[in-house]
Amino acid sequence: MESKSPAALALTGIEAGYVAGVPVLSGVDLEVREGEVVTLLGRNGAGKSTAIRVICGLLKPNAGRVELHGERIDGLEPAAIVGRGIAVVPEGRRVFGSLSVEENLLMGGFAHRRGIAPKLDLDAIYTSFPRLVERRTQLAGTLSGGEQQMVAMGRALMAKPRVLLLDEPSMGLAPMLIDAVFDMISTLAGKGLTILLVEQNASEALDVADRAYVLERGRIRREGPAERLLSDPEIRASYLGVG
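Basis of the calculations
- Residues numbered from 1 in each chain as written.
- Predicted model: local features only at pLDDT ≥ 70, side-chain atom pairs only at ≥ 80, totals over all residues.
- Heavy atoms only, no water.
- Helix = DSSP H or I, 4+ residues; strand = E, 2+ residues; numbered from the N terminus.
- Contact = heavy atoms within 4.5 Å.
- Core = buried A, V, L, I, M, F, W, Y, C linked by side-chain atoms within 4.5 Å.
- Buried < 20%, exposed > 50% of the residue type's maximum accessible area, 1.4 Å probe, protein only.
- 1 Å grid on protein atoms, 1.4 Å probe; cavity = no way out; pocket = protein on both sides within 12 Å on 5 of 7 lines; lining within 4 Å.
- Points joined across faces, edges and corners; volume = space filled by probe spheres on them.
- Nonpolar A, V, L, I, M, F, W, Y, C, P; charged D, E, K, R; others polar.
- Pairing = 2+ DSSP bridges.
- Axes fitted to C-alpha atoms, helices over the stretch in contact; angles between N-to-C directions.
- Salt bridge = Lys/Arg side-chain N within 4 Å of Asp/Glu carboxyl O.

A. A look at the environment of Val-181. Tracing the backbone through its elements, the reader meets Val-181 in helix H6 (residues 175-190). Taking the C-alpha atoms as reference points, Val-181 and Gln-149, 32 residues apart in sequence, are found 7.8 Å from one another. Here Val-181 is in contact with Gln-149, Pro-169 and Leu-173, once residues within four sequence places are set aside.

Right under this line is the structure:
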């Protein structure tokens, strides 16, 4: 019998958001266990980013609950949720373009969950993302898309998160840069970081994930080990373009 690690992040019965009177998410159950990489797949409009907003406290659910290590967080404000140990790399990166690379990274450090001046560990970030060392004084808004993604990921890691949320990290990147981003995710996973990866690029996401959920029209339609979903004929036809 499989021994399950504890749930680091759990969504139970989540209903949230409305479009034309219809909930964007309806009855969503999802969990990410300690040290796991879980990917949430789905097409545009499936509700993936809505799920991220609910977890971060940017959108209050109409029903259901969100728990971080067994403690309910869905009633908390976003700053308090960050303080509990959730960090997000948002869709589109959203770096502070008028600040330098290093200033962007330091901004992430101020969100450290202990609520006091953090021990800033820039050296560790620069070790993980060596390309940023030579860019440290450059304005983040002048970087390439891939470099901005490195900054966004480094900024989130400066908060020393218990759970890292990645919202469409491959969006708008060239294929070579997509490979580099997923290599970074694999490296972080290898260090034991708990990750929820929201992604349209099913092939890359399933390659780095332990488990996966497929969201369609606001409901979980498939879930299971990533390897099993990668070989599922319906998933391959719908998301990988393989008949």
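B. Layout of the nonpolar core. The biggest cluster of nonpolar side chains holds 44 residues, and the ones touching the most others in it are Phe-129, Met-153, Leu-164, Leu-166, Ile-185, Ile-195 and Leu-197. Here Leu-166 is in contact with Val-89, Met-153, Ile-185, Ile-195, Leu-196, Leu-197 and Val-198, once residues within four sequence places are set aside. Among the nonpolar cores identified, the runner-up in size contains 30 residues, and Ile-52, Leu-59, Ile-86 and Leu-215 belong to it.

C. Region of interest: the layout of surface pockets. In this model, the largest pocket occupies a volume close to 610 Å³. Looking at the largest pocket, it is lined by 22 residues, and the ones nearest its centre are Val-82, Ala-87, Val-88, Pro-90 and Arg-155. Sorting the residues of the lining of the largest pocket by element identifies helix H1 (48-56), helix H2 (78-84), strand S6 (86-89), helix H3 (101-109) and helix H5 (145-157) as the ones contributing at least two each. The element contributing the most residues to the lining of the largest pocket is H1, with 4 residues. Among the residues forming the lining of the largest pocket, the class breakdown is 15 nonpolar, 2 polar and 5 charged. Reported here for the second largest pocket is a volume of approximately 260 Å³. Forming the boundary of the second largest pocket are 13 residues, of which Ala-124, Ile-125, Leu-157, Lys-160 and Leu-188 lie nearest the centre. A total of 4 residues in the lining of the second largest pocket trace back to one element, the largest contributor, which is helix H4 (residues 122-128). Of the residues in the lining of the second largest pocket, the class split is 7 nonpolar, 3 polar and 3 charged.

D. Region of the structure containing the pairing of strand S4 (residues 63-68). When strand S1 (residues 7-19) meets S4, the two strands line up antiparallel, connected through 5 bridges. Within the sheet, the bridge partner assigned to Thr-12 lies in S4 and is Arg-65. Bridge count between S4 and strand S5 (residues 71-72): 2 bridges; the pairing is antiparallel. Looking at the pairing, Leu-68 lines up with Glu-71 of S5.

E. Representation of the environment of Ala-205 within the structure. Within the fold, Ala-205 resides in helix H7 (residues 202-208). Spatially, the C-alpha atoms of Ala-205 and Thr-39 are 6.4 Å apart, while their sequence positions differ by 166 residues. Setting aside residues up to four positions removed in sequence, Ala-205 forms contacts with Thr-39, Leu-41, Phe-182, Leu-197 and Glu-199.

F. How the structure looks around the sheet that holds S1. The strand order across the open sheet formed by 4 strands is S2-S1-S4-S5, and the pairing between neighbours is antiparallel. Here the strands that pair on one side only, and so sit at the sheet edges, are strand S2 (22-33) and S5. As judged from the 8 bridges shared by S1 and S2, these two strands associate in the antiparallel manner. The residue bridging Ala-16 from the neighbouring strand is Leu-25, located in S2.

G. Seen up close, the sheet that holds strand S3 (residues 37-41). Pairing is mixed in the open sheet, where 6 strands are placed in the order S6-S7-S8-S3-S9-S10. Strands with a single pairing partner mark the edges of an open sheet, and in this sheet they are S6 and strand S10 (219-225). Along the sheet, successive strands turn relative to each other by an average axial angle of 15°, direction set aside. Across 5 bridges, the pairing between strand S7 (residues 163-167) and strand S8 (residues 194-199) is parallel. From the neighbouring strand, Asp-167 faces S8, where its bridge partner is Val-198. Contacts between H6 and the sheet are confined to S3, S7 and S8, with S8 contributing the most and set at about 155° to the helix.

H. Representation of the pattern of salt bridges in the model. For the coordinates displayed, the defined rule picks out 14 salt bridges. One salt bridge connects Glu-67 with Arg-65, and the closest N-O pair in it is separated by 2.9 Å. On the basis of relative accessible area, Arg-65 is assigned to the partly exposed category, the value being 31%. Two residues, Glu-234 and Arg-222, come together in a salt bridge whose shortest N-O distance is 2.4 Å. Here the residue Glu-234 occupies a position in helix H9 (residues 233-239), and Arg-222 occupies one in strand S10, the gap between them amounting to 12 residues.

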